[in-house]
Amino acid sequence: MINNNRGRLEGQFYLAVGTLYVQRATMGTTRVNFRIPDELVEKADVAAKITHKNRTEIVTEALRSYLDEIEDEDAFNEEIVELYLEDEISFDVLKTFIGRQDAEAVRTSKAVLDQGEDLADELAGL
């Protein structure tokens, strides 16, 4: 039996054909494939059923909650700044974690530090 349901699922359009879902993600979403322990999947499915949400919404909310929690920790924010100073993350990523104003201050500090390093290298060459 072919199921030709069409609908909208958490920012995505889908066409259900049997158990095959053809999805077109809208702006701002990325398909991610990872493994989760069976018991967490079962819990997420039960939570989805009770709250009338889908599994993606449950996992997204859980991840968002976790990230919100650790973003409040000073040590985490210090590590985020370090990643930026070491050019391992972009300014836009830094900004999403610590906010625009703080990110601008860090970017300015980084520019000053980079100029200081350049000057030190220049003086060492004399």
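Residues numbered from 1 in each chain as written. Predicted model: local features only at pLDDT ≥ 70, side-chain atom pairs only at ≥ 80, totals over all residues. Heavy atoms only, no water.

Whenever I open this one, a nonpolar patch on the surface confuses me. Can you help?
A contiguous nonpolar patch, built from V32, F34, I36 and L40 and spanning about 370 Å² of accessible area, is present on the exposed surface. With respect to the helices and strands, L40 occurs in helix α1 (residues 38-51). (Patch = residues over 30% accessible without salt bridge, like charges linked within 9 Å, V, L, I, M, F, W, Y side chains within 5 Å. Areas by Shrake-Rupley, 256 points an atom, 1.4 Å probe, with all protein chains shown as cover. Salt bridge = Lys/Arg side-chain N within 4 Å of Asp/Glu carboxyl O. Helix = DSSP H or I, 4+ residues; strand = E, 2+ residues; numbered from the N terminus.)

Any chance you could explain the packing of helix α3 (residues 74-85) against helix α4 (residues 91-98) here in plain terms?
Between two packed helices, the angle of one axis relative to the other and the distance separating the axes together describe the packing. At a closest axis distance of 10 Å, the pairing of α3 and α4 adopts a crossing angle of 170°. Taken together, the axis directions place α3 and α4 in an arrangement best described as roughly antiparallel. The element α3 and its partner α4 pack so that their crossing is left-handed. The residues of α4 that touch α3, namely those facing F76, N77, I80, V81 and Y84, are F91, L94, F97 and I98. When its residues are assigned to classes, the contact of α3 with α4 shows 8 nonpolar, 1 polar and no charged. (Axes fitted to C-alpha atoms, helices over the stretch in contact; angles between N-to-C directions. Parallel < 35°, antiparallel > 145°, perpendicular 65-115°, else oblique. Left-handed = near helix turned anticlockwise from the far one by under 90°. Contact = heavy atoms within 4.5 Å. Nonpolar A, V, L, I, M, F, W, Y, C, P; charged D, E, K, R; others polar.)

Help me understand the environment of D92 in this model?
Within the secondary structure, D92 sits in helix α4. Spatially, the C-alpha atoms of D92 and A103 are 8.6 Å apart, while their sequence positions differ by 11 residues.

I tried to follow the nonpolar core on my own but got confused; where do I start?
As a rule of thumb, soluble globular proteins bury nonpolar side chains together. Judged by nonpolar contacts, I80, Y84, F91, L94, I98, A103 and V106 together constitute the single largest core of 7 residues. Of all the secondary structure elements, the ones that give two or more residues to this core are α3, α4 and α5 (100-124). Sort the elements by how many residues they give to this core and α4 lands first, with 3 residues. The residues touching F91, leaving out its near neighbours within four places in the chain, are Y84, A103, E104 and R107. (Core = buried A, V, L, I, M, F, W, Y, C linked by side-chain atoms within 4.5 Å. Buried < 20%, exposed > 50% of the residue type's maximum accessible area, 1.4 Å probe, protein only.)

Quick question: what am I supposed to make of the pattern of salt bridges here?
Once their charged atoms are close, side chains differing in charge can pair, the charge on each being opposite to the other. Under the defined criterion, the tally for this structure stands at 6 salt bridges. Several salt bridges share partner residues, and in doing so they unite D87, K110 and D114 into one network.

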